[in-house]
Amino acid sequence: MDLELSEEQRLIVETVRKFVRNEIAPLEADLDPDATELEPIDFERLVAQTKEMGFYGLDIPAAYGGPDIDIVTRTLMAIEMAQHRAGLYTPCYGVFGGAGLAQLFEANDDQKERYLFPTLRGERHGFFGLTEPSGGSDPARAIQTVAVKDGDDWVLNGSKIFISEADRADYGIVFARTDAAKGRAGITCFLIDAGMPGFHVRRVVHTLRSTHYATELQFEDLRVPAGNVLGEVNKGFAIANDRLSRQRIPYSAGCIGVATKAQEMAIAYAKQRETFGDLLATRQGVQWMIVDNEIDIRTSRWLTLAAADKARRGVPFRTEAAMCKLVATEAGGRVVDRAMQIHGGYGMTKDLPLERWYREIRIRRIGEGPSEVQRLIMARDLLGGSFH
Ligand SMILES: Cc1cc2nc3c(=O)[nH]c(=O)nc-3n(C[C@H](O)[C@H](O)[C@H](O)COP(=O)(O)OP(=O)(O)OC[C@H]3O[C@@H](n4cnc5c(N)ncnc54)[C@H](O)[C@@H]3O)c2cc1C
């Protein structure tokens, strides 16, 4: 067991840190505080740089042209990549490229040609449609969208809510009930094109996130060819679950990144701001906030790296992923909150990134499964399957 970074990891972390500080953060000075995109000219320039560094398409498996960096190192990189104003939800404004929807790697060859490869080339964008108005914590029971077989097609009717950026997507992964009697064993995953008749984006739902659009979707006799079933009929829920577990590690890393930067800012400010004739850093009330921040950050960091290490070794990591998600999202919120308190009135302004992190990190205790659901997952693993 080695808690130190390897020499290679140290160099990679240092390179990403410099990139964020020298290339990304300065651009934010001229961007709207709620921006989620760079100017195209800056975006292209920085993509060329990440390609040059060999870091482009980080999460793409090596077999598909990714840079073959293990998940522990990618987690360390994700912690660095979040350390700027838009970093929680748009780390480095996407200049490191993305792998798209992880489920597509399970697609058949024809589906990979139509969806996966264009996504990896940045030509097509997909959404992930699981949550419904009837509930997202327990989708296996809550899903009411139905798909009925009709000849060679499936016909979908139902709705989805909170689906991120489906209004801008070319296609989506949608989960629907194909066997009413079977609960989680009666859900199938479909690939839907945004242009298919019967697919409607009913409205945009505004949330705490900056310039981001969650959407409500409606499917009305939406006809989907059988060739667009992803995986096997009635086995879609396993696809959703696997994705959610894996996603919890980078989700946690983003919160740790933001918390780390907030702590750095809080320490610097406490060392230069005077009240009542002395520096804030001399006040025990402030010192304790800084110490509590550090405990929150380190706890989150080690739990998240432990989850990543298990994922890297190919051993089960569901409990670890749930634990790091729960701890990092809640601890990150506390750290940002304390950093704002130390900054006083300046902490409330859009001159600093704290207010944006404060808003956006609140979603993290709900998104990808609320804290209570993470506890439920861990309880099932600890107590055994029969106690739920
Ligand atoms: C900005 C944003 C973007 C999103 N993007 C997507 C997306 O792209 N795709 C997608 O499919 N979904 C997306 N979601 C949906 C998100 O995953 C759900 O909101 C989340 O899973 C919770 O579902 P719910 O809102 O229906 O809450 P519910 O399931 O109704 O639960 C409400 C609350 O009850 C509590 N609770 C639930 N179960 C238990 C329990 N067993 N014990 C104790 N307490 C419990 C929790 O506190 C929970 O927050 C997004 C949500 C937001 C806010």
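Look a little higher up for the structure.
Along each chain, the written sequence defines residue order, and numbers are assigned to residues from 1. Whole-chain, interface and lining totals are the exception, using all residues; otherwise, since this is a predicted model, local features are given only for residues with pLDDT of at least 70 and side-chain atom pairs are given and counted only at 80 or more. Excluding hydrogens and water, the side-chain figures rest on all heavy atoms present in the structure.

Peer 1: Can you lay out the site of the ligand for me, pointing to particular residues and giving the numbers?
Peer 2: Residue proximity to a molecule or strand is established when one non-hydrogen atom of the residue lies within 4 Å of it. Contacts to the ligand come from 16 residues, most closely from F128, T131, G136, S137 and F162. Under this definition, polar contacts are N or O atom pairs within 3.5 Å; protein pairs additionally need one hydrogen-donor-capable and one acceptor-capable atom, and for neighbouring residues in sequence, both atoms have to be side-chain atoms. Within the backbone of L130, one N or O atom sits 3.0 Å away from an oxygen atom of the ligand. Here a nitrogen atom of the ligand sits 2.8 Å away from a polar atom, N or O, in the main chain of F162. The method behind every accessible area is Shrake-Rupley, applied with a 1.4 Å probe, and residues are considered shielded solely by the protein chains displayed. Its free accessible area being 980 Å², the ligand has 65% of it covered by the protein chains. The numbering of helices and of strands both runs from the N terminus, where a helix is a DSSP run of H or I of at least 4 residues and a strand a run of E of at least 2. Ranked by the residues each element gives to the shell around the ligand, the list is headed by strand β3 (residues 153–164), at 3 residues. Split into classes, the residues belonging to the shell around the ligand amount to 8 nonpolar, 6 polar and 2 charged. An automatic or database domain assignment provides the domain bounds reported here. Mapped onto the domain boundaries, the shell around the ligand takes at least three residues apiece from domain 2 (126–230) and domain 3 (238–383). Classification used: nonpolar for Ala, Val, Leu, Ile, Met, Phe, Trp, Tyr, Cys and Pro, charged for Asp, Glu, Lys and Arg, polar for all others including Gly.

Peer 1: Residue-level account of helix α7 (residues 284–313), with values.
Peer 2: To estimate how far a helix should extend, the number of its residues minus one is multiplied by 1.5 Å. Along its 30 residues, α7 runs 43 Å from first to last C-alpha, staying within 8% of the 44 Å computed at 1.5 Å per residue. By the burial criterion, the buried members of α7 are V286, I290, N293, D296, I297, S300, T304, L305, A307, A308 and A311. Only heavy atoms enter the contact rule, under which two residues are in contact if any of them lie within 4.5 Å. Along its buried surface, α7 packs onto α3 (71–81), α6 (236–272) and α8 (318–343). A 1.4 Å probe rolled over the protein chains alone gives each residue an accessible area, and that area as a share of the maximum for its type sets the label: buried under 20%, exposed over 50%, partly exposed in between.

Peer 1: Describe the pattern of salt bridges, naming the residues involved and giving the relevant values.
Peer 2: Here, a salt bridge means any side-chain nitrogen of Lys or Arg that lies within 4 Å of a carboxyl oxygen of Asp or Glu. Using the criterion set out here, one finds 30 salt bridges in the structure. Close ionic contact of E216 with R202 constitutes a salt bridge, the shortest N to O distance being 3.8 Å. Here R202 lies in strand β6 (residues 199–205) and E216 lies in strand β7 (residues 214–225), a separation of 14 residues in the sequence. Classification of E216 by relative accessible area gives buried; the value is 12%. Linking R334 and D296 is a salt bridge whose minimum nitrogen-to-oxygen distance equals 2.7 Å. With R334 in helix α8 and D296 in helix α7, this residue pair connects regions lying 38 residues apart in the sequence. With a relative accessible area of 37%, R334 lands in the partly exposed category. A relative accessible area of 10% means that D296 is categorised as buried. One network of salt bridges, with partners in common, ties together D34, K350, E355 and R359.

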